[in-house]
Amino acid sequence: MRQFLFLLLIFLSGNALSAQVPTRSPRTANYTIQLTLDTAQHRITATQQVHFQNPSSDTIWTMPFHLYYNAFSNNRSTFYLEAGGFFGRKSAADIAAGQWARMQVLDIADQAGNNLLDSLSYLQQGNPNDHTILQVRLKNPILPYGTCTLEMAWQSQIPKASIRTGYLRDYY
């Protein structure tokens, strides 16, 4: 009888634990990234494929991308300004020496082969010096519940260690 109660307890606790696991949200974007890290130049060169599933009944004409390193690209980015000078001052020579970060999209095309480089713009949200949110205007919209695949090439300059990012000697 003890063995039966013990097994019943394990069974019930297992069901209770599995019932408490939160359901994950639908995965609407999938990325396949191939990159090279140049440790001498502290630079990433990459290609990626982005596959997006429109989960809504809306027609989508634009896609935003967060270019994380651009938050560290100058002393006028929104992130830098909101940090209240935490980073200190860096000169143009510092920027040339890779003290600042940056991310640049080199090429982007949709699944039909349309080059979308000329459609890129930044969503600056009141700060013309902030280039962290890149918007891609599509030649063909993503229809409700439809899909879109983009092929992209990009390059990032990695800064020296700073808040939330960077390299220190051979640590990235």
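The rules behind the values
- Residues numbered from 1 in each chain as written.
- Predicted model: local features only at pLDDT ≥ 70, side-chain atom pairs only at ≥ 80, totals over all residues.
- Heavy atoms only, no water.
- Helix = DSSP H or I, 4+ residues; strand = E, 2+ residues; numbered from the N terminus.
- Buried < 20%, exposed > 50% of the residue type's maximum accessible area, 1.4 Å probe, protein only.
- Areas by Shrake-Rupley, 256 points an atom, 1.4 Å probe, with all protein chains shown as cover.
- Pairing = 2+ DSSP bridges.
- Axes fitted to C-alpha atoms, helices over the stretch in contact; angles between N-to-C directions.
- Core = buried A, V, L, I, M, F, W, Y, C linked by side-chain atoms within 4.5 Å.
- Contact = heavy atoms within 4.5 Å.

(A) A look at the overall build of the chain. Along the backbone of the chain there are three helices and seven strands. The N-to-C order of helical and strand elements in the chain reads α-β-β-β-α-α-β-β-β-β. A buried classification covers 31% of the 172 residues belonging to the chain. Total accessible area on the chain stands at roughly 11300 Å², and carbon and sulfur atoms take up 56% of it.

(B) Representation of the sheet that holds strand E7 (residues 147-157) within the structure. Pairing is antiparallel in the open sheet, where four strands are placed in the order E1-E2-E7-E4. Looking along the sheet, the strands with just one partner apiece sit at the ends: strand E1 (29-38) and strand E4 (102-110). Neighbour to neighbour, the strand axes of the sheet diverge by 15° on average, direction disregarded. The pairing of strand E2 (residues 43-53) with E7 spans eleven bridges and is classified as antiparallel. The residue of E7 that forms the bridge with Gln-53 is Thr-147.

(C) Spotlight on the sheet that holds strand E3 (residues 60-66). If you trace the three strands from one edge of the open sheet to the other, you get E3-E6-E5, paired in antiparallel fashion. Two strands in the sheet have a free side with no partner beyond their single neighbour: E3 and strand E5 (120-122). Taken over all neighbouring pairs, the strand axes of this sheet differ in orientation by 35° on average, direction set aside. In the sheet, E3 pairs with strand E6 (residues 133-142) via six bridges, with the strands oriented antiparallel.

(D) Up close: the nonpolar core. With 26 residues, the main nonpolar core has Met-63, Phe-65, Ile-108, Leu-138, Ile-142, Leu-150 and Met-152 as its most contacted residues. Where this core is concerned, the elements lending two or more residues are E2, E3, E4, E6 and E7. When near neighbours in sequence (up to four residues on either side) are disregarded, Leu-150 contacts Gln-48, Gln-49, Val-50, Met-63, Phe-65, Ile-108, Ala-109, Asp-110, Leu-116 and Leu-138.

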